[in-house]
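Listed here are the chains, written in short residue letters.
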Amino acid sequence: MSISPVGRWGFAMNVARKWVFPILRLLLIGLIALGLVKIAFFPSSAEAVDPAFPTGSLVEPTVSVLPGTISNDVTLPAIVVADPAVPVTATALGTVDELFIAAGATVGMGAPLYDIRVETVRDPVETTDALGLVSITQPPPRITFVKVLAPASGTLSALGVIHGQNVAVGDTTAQVAPPTFSVTGSLSPEQQYRLLTRPSDASVSIDGGPAPFTCTALSITTPLAGAGTSDAAAGTADSGTPATTVRCAVPTEVTVFSGLAAQITIAAGKVENVLVVPTTAVQGTAGNGVVWLVSPADGTVTERPVTLGMTDGLTVQIVDGLVEGDQINEFVPGAAATDGCTVLADGSTECIGAVMAP
């Protein structure tokens, strides 16, 4: 009996479904199971790894000592202020006689403001008549008038005397407000290190005002402890540190108004082609400092004293102690490298929730 081709195909498929496919599935499942067992119990590396031991490492960032340029420009927030009024003082003892000008008027330097009537008592006069009798007479006082002049040009902002008022030498009787302005700001103690050589002018920019201009007569003053007070306890720790004030004069041709916000830029020097490093790498900011030098042979770190020069707040000049190409730590041990990172004394870096800067 013969079987048709269709019958043979059906028989073969029946055998494959019943025997071949189940066997292949069993083989595949077995291979997967063997692979899992190999991965779980027979790792490819024979070296045991302690999961409690960290496998990463922190590398202390370093910088090279290279030539550069430093422009020492100190910029301060400031404000435009009217120059203080000049007091007018009485120059004689007497009574006010005539007022030549009223408050609010414009005056020039040397203009008469008022005069003082001064009575000078004369010495008694002794006379002898024909009979030889001696008589003493008191002559009337000598009357003079002393004019009080304006000490500066400007506006007579206050006049505190009236006709007939008694005045004494040195009494403040009026005020003359000059038509000039100044720009003033505060200088921190750290910034004073950058201004050991002080220029006589500065550049000023006015918020919403004219183009930057040069202001002259630059002054940097720090009041002495206790100045302006009679308190015996002045100058103690409770009185605070007197603020250092920077002030310069606005040119008369520049139009400004009192109260305007401004910026003072003081150019205290520039050096070119000198060895520079970041200020974060140096312990100390002026005069002398210390860096941590990395040995090119074995990477050991040693302290190296250096002499510092000019700084712009970000980089500092190395005058002596290093040569071009030296490698030093970018951050001083114990100083914050970035937010959350601290360089420890042994040179390692501890970071909490932060990543070291490259």
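Whatever comes next refers back to the structure up there.
What you see is a predicted model, and the numbers here were worked out from it, not measured in a lab.

## So, the state of the cysteines
So, point 1. This model, assessed by the stated rule, comprises one disulfide.
So, point 2. Here Cys215 is linked by a disulfide to Cys248, with a sulfur-sulfur distance of 1.9 Å. The sign of the S-S torsion, about -80°, decides the handedness of the disulfide formed by Cys215 and Cys248: left-handed. Of the two residues, Cys215 is situated in strand β15 (residues 213–221) and Cys248 in strand β16 (residues 244–249); the sequence distance between them amounts to 33 residues. Taken as a pair, Cys215 and Cys248 share a single burial class, namely buried.

## Some thoughts on the nonpolar core
So, point 1. Counting 23 residues, the largest nonpolar core has Val183, Val204, Val246, Ile264 and Ile266 as the members making the most contacts within it.
So, point 2. Secondary structure elements with two or more residues in this core: β2 (66–82), β13 (181–187), β14 (202–206), β15, β16 and β17 (261–278).
So, point 3. If you look at the next biggest cluster of nonpolar residues, it comprises 16 residues, including Val96, Tyr114, Ile116 and Val176.

## What about the sheet that holds strand β12 (residues 172–177)?
So, point 1. Strands sit in the order β3-β12-β10-β5 across an open sheet of four strands; the sheet is antiparallel. The open sheet terminates on both sides in strands that have one partner only, identified here as β3 (86–89) and β5 (106–107).
So, point 2. Bridge analysis of strand β10 (residues 154–159) against β12 gives four bridges, and the strand direction is antiparallel. Note that in β12 the partner of Thr155 across the bridge is Ala177.

## Notes on the pairing of β13
So, point 1. Most of β13 sits inside the fold, with five of its seven residues counted as buried.
So, point 2. Sheet topology note: the β2/β13 ladder contains five bridges and is antiparallel. Bridge pairing in β13 places Ala78 opposite Gly185.
So, point 3. Note: β13 against β16, six bridges, orientation antiparallel. Across the sheet, residue Thr184 finds its bridge partner in β16, namely Arg247.

## A short note on unusual backbone geometry
So, point 1. Positive phi outside glycine occurs at Ala217, with the angle close to 55°.
So, point 2. By the secondary structure assignment, Ala217 is in strand β15.
So, point 3. A positive phi angle is found at Asn273, which is not glycine, with a value near 55°.
So, point 4. With respect to the helices, strands and loops of the structure, Asn273 is situated in strand β17.

## Regarding the sheet that holds strand β6 (residues 112–120)
So, point 1. Pairing is antiparallel in the open sheet, where four strands are placed in the order β9-β6-β4-β11. Each edge of the open sheet is held by one strand with a lone partner, namely β9 (142–149) and β11 (166–167).
So, point 2. When strand β4 (residues 94–99) meets β11, the two strands line up antiparallel, connected through two bridges. Each bridged residue has a counterpart across the sheet, and for Thr95 the counterpart in β11 is Asn166.

## Remarks on a nonpolar patch on the surface
So, point 1. Taken together, the side chains of Val15, Trp19, Val20, Phe21, Ile23, Leu24 and Leu27 present a nonpolar region at the surface, about 670 Å² in accessible area.
So, point 2. Among the structural elements, Ile23 can be located in helix α1 (residues 5–41).
So, point 3. In this structure Ile23 comes out as partly exposed when scored by relative accessible area, which is 47%.

## Observations regarding the pattern of salt bridges
Pairs can form between side chains of opposite charge once their charged atoms are near each other.
So, point 1. What the rule picks out here adds up to three salt bridges.
So, point 2. Residue Asp83 pairs with Arg247 through a salt bridge whose shortest N-O separation is 3.5 Å. Placement of Asp83 in the loop between β2 and β3 and of Arg247 in strand β16 is noted, with a sequence separation of 164 residues between them.
So, point 3. By relative accessible area, Arg247 is classed as partly exposed at 27%.
So, point 4. Glu119 is the partner of Arg117 in a salt bridge, and the nearest nitrogen-oxygen pair spans 2.4 Å.

## As for the side chain of Asn72
So, point 1. Inspection of the secondary structure puts Asn72 in strand β2.
So, point 2. Apart from residues lying up to four places away in sequence, Asn72 is in contact with Arg194, Ile266, Ala267, Ala268, Gly269, Met310, Thr311 and Asp312.

## A look at the environment of Ile79
So, point 1. Mapped onto the fold, Ile79 is located in strand β2.
So, point 2. Taking the C-alpha atoms as reference points, Ile79 and Asp207, separated by 128 residues in sequence, lie 9.8 Å from one another.
So, point 3. Filtering out sequence-adjacent residues up to four positions away, Ile79 remains in contact with Ser182, Val183, Thr184, Gly259, Leu260 and Ala262.

Definitions and cut-offs
- Residues numbered from 1 in each chain as written.
- Predicted model: local features only at pLDDT ≥ 70, side-chain atom pairs only at ≥ 80, totals over all residues.
- Heavy atoms only, no water.
- Disulfide = S-S within 2.5 Å.
- Helix = DSSP H or I, 4+ residues; strand = E, 2+ residues; numbered from the N terminus.
- Buried < 20%, exposed > 50% of the residue type's maximum accessible area, 1.4 Å probe, protein only.
- Core = buried A, V, L, I, M, F, W, Y, C linked by side-chain atoms within 4.5 Å.
- Pairing = 2+ DSSP bridges.
- Patch = residues over 30% accessible without salt bridge, like charges linked within 9 Å, V, L, I, M, F, W, Y side chains within 5 Å.
- Areas by Shrake-Rupley, 256 points an atom, 1.4 Å probe, with all protein chains shown as cover.
- Salt bridge = Lys/Arg side-chain N within 4 Å of Asp/Glu carboxyl O.
- Contact = heavy atoms within 4.5 Å.

Any functional reading would require information beyond the geometric quantities listed.
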